[in-house]
Every structure is written in structure tokens, then in C-alpha cells.
Amino acid sequence: MRVSVFGLGYVGCVSAACLASMGHEVVGVDVNQVKVDLVNDGKAPVVEERIGEVIAEVVRTGALRATGDVREAIMDSEVSLVCVGTPSEPNGSLCTTYLERVTEEIGAALAERGGRHTVVFRSTMLPGTCLNLLVPILEKYVGGTAGVDIGVAVNPEFLREGTSVRDFFDPPKTVIGELDAASGDAVMALYEGLPGEVFRVPVPTAEAIKYADNAFHGLKIGFANELGAVCQALGVDSHQVMDVFLADRKLNISPAYLRPGFAFGGSCLPKDLRSLVYAAKRADVSVPILSHVLPSNSDHLQRAVELVERTGKRRVGLFGLSFKPGTDDLRESPLVELAERLFGRGYDLRIHDANVSLSRLLGANREYIETRLPHLAQLLADSVDEVLEHAEVCLVGTRDPAVLSALPHGGDGPVIIDLIHLPDADTRRTEPGYMGLAW
Ligand code: NAD
């Protein structure tokens, strides 16, 4: 199929590259010229496992190209995937500005195009957004009826940053919210050959399913971290507790997100929980469990600050800055929040994150770092050694092998504060100079 993908961020560039590698002819569209140029040079606009090789290959074969020209992309395609961001507004509600803008642009181009074209929304949006906000925009521009003259579907994305290429080819499920059967069929044709169960549901149901997933992931992490903190206080190995808890398959518990570790963050879970709670409040529905997931997460983050305070040391190293290992994504990163809390308390901080530095060098996240995090940019170190030489206490929030192999053992060097339950945590916890947030 000929496909246009709007938004070349984490979701869009992975969808565009993977669809191209499945044999589709794909054009990616972004308003950010840096991302367009990177893709056309065969380079990934984000740091993710395998994405660099996939993009290099599909750009080389001509299956993927990028442009800033919406009209050209629409003229050249039968299906559009909308993957623009839907961040939080300051009051916690869902920001639909990018969605509305891109839908207007697509609608204006479709009015010129003629013939049936299907618009597939992959961005996360609250139930009702597609039918009540976006479909009227498309119908206004095209002058026709959605489901008859224009195809419309909602196809939420379930990839996890860090393993997104793997997740694309082996999805946990495929959800298609279809306005009419032909719209759903167009989405089915896109993913033909991929494993996993497919659910064809009404459009608002598809929108809601994504919130069910993200709210539950946040809840699981909060649950595991609170349990971990209580176990630690009572001298119990929380990972052993969870090993046994998770072995109980009769209750059908997936182990994902249930390992005590650090606070969650990123561009999805916090903002999706916020907008869900906001929507519930507006609808006058009381949701005490959901409203307390983010405060629980914030309390957990504070435990890391308290561990640093307990050491009495002032020179601190932080390994990892992105919101989780394996990505360069800094949005709502709990490690950024931790760095800021420490920086704000006057600690002498140095930070190392190879993915973040690589992305800064490529230019992909340079603007984000320089405009949003100038206070932390100056603390970024080029090498692991630079941080180890500086620090009296090191917080480890990454699984970067270069960091793990350099960490000293047995109290020989800085105190190690393990935020994520390192692979050798069981040995380290018997050594002096090791403190764990999640034992
Ligand atoms: P992102 O911010 O990384 O990327 C969005 C891209 O859209 C940016 O490159 C931006 O320049 C571009 N854009 C904005 N307006 C545009 C326009 N008018 N035309 C073309 N491009 C435009 O966002 P993301 O992390 O990829 O997330 C996208 C959506 O997918 C969000 O709704 C998010 O909640 C959802 N989602 C994200 C993930 C994830 O792990 N990041 C997973 C599942 C779902």
C-alpha cells in the first residue's frame, strides 16, 4: 500500500520504517525539518534499538522517504497514519492542538485529491475525540461523509520505547476502531502478516482501550514500588516476593511492570493518567485509585533523594537521564526530575547518558535539551570515567553495559545507589557502599 505517516517522532518513525520494511511504499511527514533531513539521510530521528538499521535499509531501497509537504504526501498515498503528539495541557487535560492542525492539513489536501483515502489515528486520545472533534474537521474540508467518502479509523499504538521495533513486529494485540468495515479493512491490509490477536471495535472503544493499558501499567509500577519500599523497610527481599507472586499464573498476572525499581515517566503514562483523571473529574466520576497513582510515583522518586541525603555526600553522579533505559526520550523523565531535585538542593552533580548524548550530537533532541534543560545540559559528562572520578555517590538508572562494567565493587569507590535493581544486585547488596532503592 502507499502510506503517509504524519509525525516522525517515536511512534511515527518506527511505524513508517517498519511498514516500509514490510513492503509498503511510505512517505513520512513532519513539521520538524531536522527530522525530515535525518530520515532522508537514512538516519533515525530517535535513539531506539534497531531503528537506525531499519531506516538506513528502507531509505536505501526507496521504500521510505520524508517530506514537509502534506499535499504531496496525501496525493501519493491511500492511507494516512496520524502519529502526532498529544501532550498534557498545564491543567492535566489532553492537548489536541497538533491533532486538530494535522487533521485540517490532511482534510485540505484530501479536498483536492478525490477518491477514497483512509485516515488512521494512532495518537493516544480520549474517547470521543475522533468522532466529535476530528471527523467533523475532515468532513468540513472534504465536503463528504466520513465512513462513506473518507475512511476513518483509530488504531492505538502499544509499542514500548526501547523495544519499539521488536514490539511493532510482535505486537501484544492490534486494535482497530473502525467507522465502517472498509476503513477497518484498510488498516488490516497494512499489518497483514503480523502476529497477535486483532480486535475490530467501535472507534471510542479503541480510544478507551489505550487508556486502560496505560492506567494499568502506571498502577502496576506504583503497586510494585510501594510494595518494594515496604518490604525493604521490613527487611524483606521484594524481588523474591515478586518472583513468587508472579509465578502464580492461575491468576494470570503478567510480570511486565511489576518489578520494584524506579519511578515511571515518559511521554505517555503520566499524561495519559492525568487526562483520564481530568476527564473523570469533568464527568463527575470519583476515581480515588487512579488519582493517587501519580502522587505515589512522586513519593517513590523522593525516596531516591532521601537515600542520597542519607549518605551525607555532596558530589553526586547520575547514570541515565532518559525516562527509561534504551531510549533518548527525556520527556517527563523521572531521572530528569531526580536530577532537578538534587540540583535544586545544591548537590554537585554530573550526569552520563550515552543515548541522550548521541541524540544531542545528531541534533534529534538538541533543541529539547537546550531549551527545556539548559541547567542540566551543562552537567552532562562525555565519559563514564568522568562521572566516576567526580562522584562520592553514584545513582544508577541505566542498563548501559559500558556503565555497568565500570561500576566499582565492595565499597572501592563511590557509594552506589541502585535505582533499577542491577543485574548483579543480589551480590552487591552484601557489599559495603551499596544502597538499593528496590531490594
Ligand atoms: P513525538 O512528540 O515523539 O512525535 C510527534 C511528532 O509529530 C513530532 O516529530 C512533531 O514535530 C510532529 N508533528 C506535530 N505536528 C505535526 C504536523 N502538523 N504535521 C506533521 N508532523 C507533526 O510523539 P510520540 O512519542 O511519537 O507520540 C505520538 C502519539 O503516540 C502520542 O499521542 C502518544 O501519546 C502516542 N503514543 C506514544 C508512545 C511512545 O512510546 N512514545 C506509545 C504509544 C502511543
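Residues numbered from 1 in each chain as written. Predicted model: local features only at pLDDT ≥ 70, side-chain atom pairs only at ≥ 80, totals over all residues. Heavy atoms only, no water.

## Here's the deal with the site of the ligand
No. 1: The immediate surroundings of the ligand are formed by 26 residues, with Asp30, Lys35, Thr86, Glu161 and Lys271 found nearest.
No. 2: One of the backbone N or O atoms of valine 11 is found 2.8 Å from an oxygen atom in the ligand.
No. 3: For the shell around the ligand, the secondary structure elements donating two or more residues are helix H1 (10–21) and helix H5 (97–113).
No. 4: Residue composition of the shell around the ligand, grouped by class: 10 nonpolar, 8 polar and 8 charged.
No. 5: Summarising the domain contributions, the shell around the ligand has at least three residues from each of domain 1 (2–201) and domain 2 (235–436). (Near = heavy atom within 4 Å. Polar contact = N/O pair within 3.5 Å; in protein donor to acceptor, adjacent residues only side chain to side chain. Helix = DSSP H or I, 4+ residues; strand = E, 2+ residues; numbered from the N terminus. Nonpolar A, V, L, I, M, F, W, Y, C, P; charged D, E, K, R; others polar. Domains from an automatic or database assignment.)

## Let's talk about the sheet that holds strand S9 (residues 315–319)
No. 1: What the 5 strands build is an open sheet, ordered S10-S9-S11-S12-S13; its pairing is parallel. In the strand order of this sheet, the two ends are held by strand S10 (348–352) and strand S13 (434–436), each with one partner. Averaged over all pairs of adjacent strands, the angle between their axes in this sheet comes to 20 degrees, without regard to strand direction.
No. 2: Alignment of S9 against S10, held across 5 bridges, turns out to be parallel. Residue pairing across strands places valine 316 opposite leucine 349, the latter belonging to S10. (Pairing = 2+ DSSP bridges. Axes fitted to C-alpha atoms, helices over the stretch in contact; angles between N-to-C directions.)

## What about the sheet that holds strand S8 (residues 198–201)?
No. 1: One open sheet holds the 8 strands; their spatial order is S3-S2-S1-S4-S5-S6-S7-S8, and the pairing between them is mixed. Looking at which strands have only one partner, the edges of the open sheet turn out to be strand S3 (64–67) and S8. The sheet shows a mean angle of 25 degrees between the axes of neighbouring strands, direction not considered.
No. 2: Looking at chain direction, strand S7 (residues 174–178) and S8 are connected through 4 bridges and run parallel. Note that in S8 the partner of glycine 177 across the bridge is valine 201.

## A few points about the side chain of serine 275
No. 1: Note on placement: serine 275 falls in helix H11 (residues 269–282).
No. 2: Serine 275 sits in the buried class, given a relative accessible area of 1%.
No. 3: In this structure the side chain of serine 275 is engaged in a polar contact, spanning 3.4 Å, whose partner is the backbone oxygen of aspartate 272.
No. 4: With sequence-adjacent residues up to four places away left out, serine 275 is seen in contact with Gly92, Ser93, Leu94, Leu126 and Tyr211. (Buried < 20%, exposed > 50% of the residue type's maximum accessible area, 1.4 Å probe, protein only. Contact = heavy atoms within 4.5 Å.)

## Some words on the packing of aromatic side chains
No. 1: Under the criterion given, the structure shown has 3 aromatic pairs.
No. 2: Note on phenylalanine 168 and phenylalanine 169: the rings are 5.3 Å apart at their centroids and 80 degrees apart in plane angle, and the pair reads as edge-to-face.
No. 3: Owing to a relative accessible area of 5%, phenylalanine 168 belongs among the buried residues under this scheme.
No. 4: Cluster of aromatic residues (ring-pair linked, three or more members): Phe168, Phe169 and Tyr191.
No. 5: Above the face of the phenylalanine 158 ring, lysine 173 is positioned so that its terminal group lies 4.4 Å from the ring centre.
No. 6: The ring of tyrosine 347 has arginine 314 sitting right over it, with the charged end atom 4.0 Å from the ring centre. (Phe/Tyr/Trp six-rings, centres within 6.5 Å; stacked < 30°, edge-to-face > 60°. Lys NZ or Arg CZ within 6 Å of the ring centre and 35° of its normal.)

## Side note on the pairing of strand S12 (residues 415–418)
No. 1: The alternating pattern of S12 places Val415 and Ile417 and Ile416 and Asp418 on opposite faces, both of which are buried.
No. 2: Here strand S11 (residues 393–396) runs beside S12; their pairing, made up of 4 bridges, is parallel. When the bridges of S12 are listed, cysteine 394 appears paired with isoleucine 416.
No. 3: Bridging between S12 and S13 involves 3 bridges; their strand directions are parallel.

## A word on the domain arrangement of the protein
No. 1: Along its sequence, the protein is organised into domain 1 (2–201) and domain 2 (235–436).
No. 2: The distance between the C-alpha centroids of domain 1 and domain 2 comes to 31 Å.
No. 3: Each partner contributes residues to the interface: domain 1 has 20 residues there, and domain 2 has 22 residues.
No. 4: Both faces combined, the contact of domain 1 with domain 2 buries some 1600 Å², and carbon together with sulfur accounts for 55% of it.
No. 5: Looking only at domain 1, the three residues that lose the most surface to domain 2 are Tyr10, Val47 and Glu161, adding up to 34% of its buried area.
No. 6: Between the two partners, domain 1 and domain 2, sit 1 salt bridge.
No. 7: Measuring nitrogen to oxygen at the nearest pair gives 3.9 Å for the salt bridge that ties glutamate 161 to arginine 331. (Buried area = accessible area lost by both parts, 1.4 Å probe. Salt bridge = Lys/Arg side-chain N within 4 Å of Asp/Glu carboxyl O.)

## Section: the UniProt feature "binding site: GDP-alpha-D-mannuronate" (unreviewed entry) in the protein
No. 1: Within this structure's numbering, the places UniProt gives as "binding site: GDP-alpha-D-mannuronate" (unreviewed entry) are Glu161, Lys210, Asn214, His217, Asn225, Tyr257, Arg259, Phe262, Gly265 and Lys324. Spanning 164 residues, the named residues are also spread out in space, since their farthest C-alpha pair is 23.1 Å apart.
No. 2: Ignoring sequence-local partners within four residues, the contact set of glutamate 161 consists of Tyr10, Glu48, Ser267, Phe323, Lys324, Thr327, Asp329 and Arg331.
No. 3: Inspection of the secondary structure puts arginine 259 in the loop between helix H10 (238–247) and H11.
No. 4: Taking relative accessible area as the criterion, arginine 259 reaches 40% and is therefore assigned partly exposed.
No. 5: Those residues in contact with arginine 259 that lie beyond four places of it in its chain are Ala224, Asn225, His239, Met242, Asp243 and Leu246. (UniProt positions renumbered as here; feature names shortened; annotations may be inferred.)

## As for a negative patch on the surface
No. 1: A cluster of acidic side chains, namely Asp382, Asp385, Glu386 and Glu389, defines a negative patch on the protein surface.
No. 2: One can find aspartate 385 in helix H18 (residues 384–390).
No. 3: What makes aspartate 385 partly exposed here is its relative accessible area of 46%. (Patch = residues over 30% accessible without salt bridge, like charges linked within 9 Å, V, L, I, M, F, W, Y side chains within 5 Å. Areas by Shrake-Rupley, 256 points an atom, 1.4 Å probe, with all protein chains shown as cover. Lys, Arg positive; Asp, Glu negative; His and termini not counted. Charge placed at Lys NZ, Arg CZ, Asp CG, Glu CD.)

## Considering H5
Because the α-helix completes a turn every 3.6 residues, residues three or four places apart line up on one side.
No. 1: In a regular helix each residue adds 1.5 Å, so 17 residues correspond to 24 Å; H5 covers 24 Å between its end C-alpha atoms and thus fits that length.
No. 2: Among all positions of H5, only Leu99, Val102, Thr103, Ile106, Gly107, Ala109 and Leu110 are buried.
No. 3: In this fold, the buried residues of H5 make contact with strand S1 (2–6), helix H4 (70–75), strand S4 (79–82), strand S5 (118–121) and helix H6 (129–142).
No. 4: Residue glycine 114 follows H5 closely and has a positive phi angle near 75 degrees. (Expected span 1.5 Å × (residues − 1).)

## Brief notes about H1
No. 1: For H1, built from 12 residues, the straight-helix expectation of 16 Å at 1.5 Å per residue is met to within 8% by its first-to-last C-alpha distance of 17 Å.
No. 2: Counting buried positions along H1 gives 10 out of 12 residues, so the element sits mostly inside the fold.
No. 3: Listed in full, the buried residues belonging to H1 are Tyr10, Gly12, Cys13, Val14, Ser15, Ala16, Ala17, Cys18, Leu19 and Ala20.
No. 4: Immediately downstream of H1, the backbone of glycine 23 shows phi near 110 degrees, a positive value.

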